[in-house]
Amino acid sequence: MKLLKKFLGKKEDNNYMKDYRNLEDTKQISSKLDDNLSYIQQKLNHPSDLQKMYLKDGKALLVYLETLSDQDKVNEKVILPLSKMDNNQIQIKNMESTGKQHTDLHEGIKQLLKGHALLFIKGTPELYTFNATAIHNRSVDEPANEKVVRGSHEGFVENIIININLIRKRIESTDLAVRYYKVGERSNTNVGVLFMQSLADPEVVKKLDERLKWITSDTIISPGYVEEFIEDTPSSPFPQMLNTERPDGVMSDLMEGRVAVMVEGSPTALILPVTLMAFYQTPDDYNGRWIAGSYLRMIRLLSFFLAVTLPAFYTAIIAFHFEFIPNDLVLPIKASIDDIAYPPILEALVMVITIELIREAGVRLPTPVGQTIGIVGGLIIGDAVVRAGLISNVMIVIIATTAIASFVVPSNEMSTTVRILIYPMILSAALLGFVGITFASMIILIHLCKLESFGTPYFSPWAPLKWNELKDTFIRVPVWKMNQRPSDTQVEELNRQRESRGWKKT
Amino acid sequence: MITKRLGQLILLLGCLIFTAGCWDQRLFKEAQLVLSGGTDLTDSGKISMTVSLPYVRKSEQGMGEESVQIISAHGNTPREARMNIDKKIPGNLDASKMKVVVLGKKVTEQKIYPVLDVFYRNPKSNLSALLAVAEGPAKAILSKDSADTPKVSDYLRNLLKSAETSSIIPTQNIQDVFSVMFDPGKDFMLPLLSLGNVDIENSINNIKGLAIFSGEQYTGEYLTPEQGVLFQLMDNNKGRRARLTKKISENRDPEILNYITIDVNTVNSRMDLKVSDNNEITVDLTTDLTVKAIEYPKDQLTNRKEFNKLNESLSKSFTQEADKIIQKLQEANSDALGIGRKIIAFHHDTWEALEWEETYPEITINTKVNVELVQRGIIH
């Protein structure tokens, strides 16, 4: 690990961005309108979308970015009220929507970049900003990648304000803390951090604060960037933060004492710290009744084991331990693999990679083409490859089952992890049979036990084993049985409810 | 520098996988499975081994045609004979899915452990294979294919399994036999397979009964299937079903009215062992059966008197049958009930003083079978 760190070593150079941090100091506003205008134009590199308007016989100057500001709002808030006034007496204070007064031109430019309109008055060293930001948002539709059958169909959008609004509507509490960070030295991206003050572990909040402040990158495009900057173990195949686009998911995580990180321009919230189990829980488990929830939970966990071990298991059996095959299956399996030219490991790898190709080809293509690829890939190749004698049909069954099982995982990140873990498993099964599978599983388990997400054990509640928290793992016990939050987050207040079914059945 | 090291490390790991990899794999597709095997003794005292090899062709829809090849070879030991078979076939002979092992009569007349040693020594051999004795040479049994099931291994296995279900033979595989084989206080019995008909064309493999072994050797005596069922009951070893047909009267007409067929519901068999001061051993074997009538054309079971008479006559005739079995076992010197085992456990001094093999045929074994009819069938 140290070797790798040295190899990737960080270069210390903080000067390369000095020129662009030039709005930090203050700049006096000139009483001449044209001076201010030319300064702004120079600072913004003479943008073509900068709208300037002299009003009141040249006594006032209105500046705004037409691409950021809403023309109607500018009209309504600035131009119309001004036109009603006497040319000689411009009283900003009398206007319906009073502009904010600033004396620092740099502050004005910052506001301009947010879509505010700037108003300069001739002869005064101050400016007024009017909020005229244009809002172009898609609706808070259900995220396509995290659909639920029942429950809330709201999803986050690309606007952090709306996203936080969705959370605040759900948690009407003074306890909800919202902190903004400016991350990205050139892009100045808004990053929001949300947590419940009385629940979240202050240690985690402190760590997050420190790590966010360490980010010196000039651009933050997505939460994926933030995730890579702040996660504990970058070399682990397991995601250590949960990505979600669902407000109800974020709400329940906040209520468990976790912290949500949102990034302007992306509908994804990062949840931290998380455990492995979090990737196998969906809101559907809690929207339905507990028996159905438990059943689905078990199916999903089964799919995890199937997806990771099934091809390895089959490879080990036909390459090492074929006495495991049940008597009645011996001859059918023998018939199907007898004429296959390649050893089982190649068979398995070729099929796994083919499935990945079909998936990857289908992801980015438009739906009609994607479906065609699916049919051509899945049906035609699958059938032809068996007829051609390249792959045995039992292997097709195994790999197809594995592929389906790997997509059962609710989280896309975890699904990818599972599909990556197949390779070392198949390889070790082909090298050493069941012994190899045992070794590979042991290494994965050791890694899981060692892994931490912001100082909390990733494999909790299995390691460290907490018996009474297993009630939300393999099964999901009724909600009224879960009187305590999971303790992996070092939550400040463990109890979340008292007896909720104290009433008598009559 | 570090990049170079890393490169070397990756190269090393790659080499490890690609050079050392897969050295101990045994590919299923390269194995030539043996599903049943038989061992015979040739006239010159050599071991002759016969195996059945299944072949399947793949077709468009899964499994295609099946065919079975029967191959024999000689050798001084079973392993050598097996190696000689391996020379005659493509692929590596693999016995790990062996279903049935048949021993020819000649082999079993000697001690059988040396012939079976090869199964117990190899960790890959299938210890849950079934063991049977052929009335003649094992090769004849294995070579006899029936038209419906070309796989003789499946045929024999199903034959033996169904006999286990109907309590004709005990449920035992090669592993179970091994533990009894060297037990001085217990003997085993193996199913006896026969081609039945002398006319080879119409013959079909069937179970002739239970071959009685004394120690490791076949005595030549056997229990008939009906006696086999009763013996399993006396041994408290009922399979899923135990069904017996008994003649209970002589003079009715038509002949069919003289018979009753019963299903045994429950069985409780007790062995009372008495050892006198001068080491004389008496065994009281009491078997209580509750049965239901499943075929009794004469009926009249509603008549209390008739009913009691039936219980009595059934008990009597079963007791007689049980006596015959015990007599047969004692003559063959086969302690299949495990009386010696009890003496070792409860009367160890007696055991030490006795030579069991000589004593066993002389001891007194009293049998009593009590039959109680509890179900008459649904209509009556």
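Conventions we followed
Residues numbered from 1 in each chain as written. Chains lettered and ligands numbered in written order. Predicted model: local features only at pLDDT ≥ 70, side-chain atom pairs only at ≥ 80, totals over all residues. UniProt positions renumbered as here; feature names shortened; annotations may be inferred. Domains from an automatic or database assignment. Contact = placed C-beta atoms within 7 Å. Helix = DSSP H or I, 4+ residues; strand = E, 2+ residues; numbered from the N terminus. Nonpolar A, V, L, I, M, F, W, Y, C, P; charged D, E, K, R; others polar. Pairing = 2+ DSSP bridges. Axes fitted to C-alpha atoms, helices over the stretch in contact; angles between N-to-C directions. Core = buried A, V, L, I, M, F, W, Y, C linked by C-beta atoms within 7 Å. Buried ≥ 20, exposed ≤ 12 C-beta atoms within 10 Å, placed from the backbone.

Under the annotation held in an unreviewed UniProt entry, chain B carries the name Germination protein, Ger(X)C family and is attributed to Lentibacillus persicus. Checking UniProt for chain B, the heading Sequence similarities (unreviewed entry) contains the comment "Belongs to the GerABKC lipoprotein family."

In the annotation of an unreviewed UniProt entry, the entry for chain A reads Spore germination protein KA, and the organism field reads Lentibacillus persicus. The heading Sequence similarities (unreviewed entry) in the UniProt record of chain A holds the text "Belongs to the GerABKA family."

**Observations concerning the domain arrangement of chain B**
Residue and element names in this part refer to chain B. Once the domains are mapped, chain B shows domain 1 (29-223) and domain 2 (225-380). Placing a centre on the C-alpha atoms of domain 1 and another on those of domain 2 gives a separation of 31 Å. At the interface, 24 residues of domain 1 touch 27 residues of domain 2. Broken down by secondary-structure element, the contributors of at least two residues to the side of domain 1 that touches domain 2 are α6 (152-165), β9 (206-214) and β10 (217-223). The leading source of residues in the side of domain 1 that touches domain 2 is β9, at six residues. Here the side of domain 1 that touches domain 2 is built from residues that sort into 11 nonpolar, eight polar and five charged.

**Some points on the sheet that holds strand β11 (residues 243-247) of chain B**
Residue and element names in this part refer to chain B. Strand order in the open sheet made by the four strands is β11-β12-β13-β14, with mixed pairing throughout. The open sheet has two free edges, formed respectively by β11 and β14 (364-375), since each of these has just one partner strand. Direction aside, the axes of adjacent strands within the sheet are offset by 40° on average.

**Topic: the nonpolar core**
In this structure, A260 of chain A together with V102, A211 and I212 of chain B are the most contacted members of the largest nonpolar core, which totals 167 residues. With 10 residues, the single largest contributor to this core is helix α15 (residues 412-432) of chain A. Formed by 20 residues, the second largest nonpolar core is a distinct cluster that contains V74, L112, A117 and F120 of chain A.

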